[in-house]
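Listed here are the chains, written in short residue letters.
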Amino acid sequence: MISLHHTMSSTFSDSNQIGIVSTFSELVKTNFKGEMNALCWHRNLDGDFSEIVAKLSLRENITEVSPADLIALQLSEKGNIAREIILNDLQLLADFGASPSLNLLKCYERDDEFDFISTDVYSFHVDRSPIATDTFLCTYHGAASDIVSNTQAEQKILIPEIRAKLKELHDGPENEFEDFLKENYFDLHYQLHKDAEPINLGLGHLWRLAVDHPKQEVLPCVHRAPVENDGEYRLLLIC
């Protein structure tokens, strides 16, 4: 696993999949092209994000944190720096026209209905949208998400043994099988090749990932949510 928490590794900067930018404007204006379907506003952030996490209240496994919730916190100088960074990121994305959400996360819901395929966010997958959009995310605290090159993964529905089991599950007309796969999101999930090297997105960097939509000119970015560290909440901006 390639990790990018505080320094930019040579593998990271050399990856054909990832474009690196130094401003928010570049992040939203740079076009995906070729193999590049992930853009990173690479940042080394100051501030104490762990203090914010410690002072927020987890109401459910996923709790949305509003700007008002953040503003209400009594924080140290380092905590206040972290808060201002988050509020600024939320404002930048809102001004761009996105609908960012700040989540305090204990865990996501698991999909364990079938032992041969999973459709939860812990599985490597791509996002799909009926309109032209991108996925933005930044992990401020806790375990960070992973991405992998499309050349190092295969759609699970194309793997013969999985496809055979899905056909048994469908048990309907052959001409409705592809619709069945899409309706149940099976086609969004990927299995990594044995030699695959996922890239961890690290802390503090704001990412833009390509989504599967009708106007998309590149392959969508294959990614997954991480398994959370024991006893540690994640603080994640996503939209």
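Below is a summary of the structure that appears in this document. Model, not experiment: these values are computed from the prediction.

1. Focus: the state of the cysteines
The final tally for this structure, using the stated rule, is 0 disulfides. With no disulfide partner, Cys239 has as its closest neighbouring cysteine sulfur the one in Cys138, 11 Å distant. A relative accessible area of 23% means that Cys239 is categorised as partly exposed.

2. Re the nonpolar core
In terms of nonpolar packing, the biggest core is built from 33 residues, with Ile52, Ile86, Tyr140 and Leu235 touching the most fellow members. Of all the secondary structure elements, the ones that give two or more residues to this core are helix H2 (24-29), strand S2 (38-41), helix H3 (49-55), helix H5 (77-96), strand S4 (101-105), strand S5 (134-141), strand S10 (206-210) and strand S12 (234-238). Sort the elements by how many residues they give to this core and H5 lands first, with 6 residues. Sequence-distant contacts of Tyr140, defined by excluding residues within four places in its chain, comprise Arg43, Leu45, Phe49, Ile85, Ile86, Asp89, Leu102, Leu203, Leu235 and Leu237.

3. Focus: the pattern of salt bridges
Scanning all chains against the criterion turns up 8 salt bridges. Residue Asp89 pairs with Arg43 through a salt bridge whose shortest N-O separation is 2.9 Å. Residue Asp89 is found in helix H5, and its partner Arg43 is found in the loop between S2 and H3; the two are separated by 46 residues along the sequence. With a relative accessible area of 1%, Asp89 lands in the buried category. When its relative accessible area of 9% is taken as the criterion, Arg43 is described as buried. Measuring nitrogen to oxygen at the nearest pair gives 3.0 Å for the salt bridge that ties Arg224 to Asp146. On the criterion of sequence distance, the pair formed by Arg224 in strand S11 (residues 222-224) and Asp146 in strand S6 (residues 146-148) is long-range, its members being 78 residues apart. Given a relative accessible area of 24%, Arg224 falls into the partly exposed group. Within the structure, one salt-bridge network assembled from shared partners comprises Arg128, Asp187 and Asp212.

How each quantity is defined
Residues numbered from 1 in each chain as written. Predicted model: local features only at pLDDT ≥ 70, side-chain atom pairs only at ≥ 80, totals over all residues. Heavy atoms only, no water. Disulfide = S-S within 2.5 Å. Buried < 20%, exposed > 50% of the residue type's maximum accessible area, 1.4 Å probe, protein only. Core = buried A, V, L, I, M, F, W, Y, C linked by side-chain atoms within 4.5 Å. Helix = DSSP H or I, 4+ residues; strand = E, 2+ residues; numbered from the N terminus. Contact = heavy atoms within 4.5 Å. Salt bridge = Lys/Arg side-chain N within 4 Å of Asp/Glu carboxyl O.

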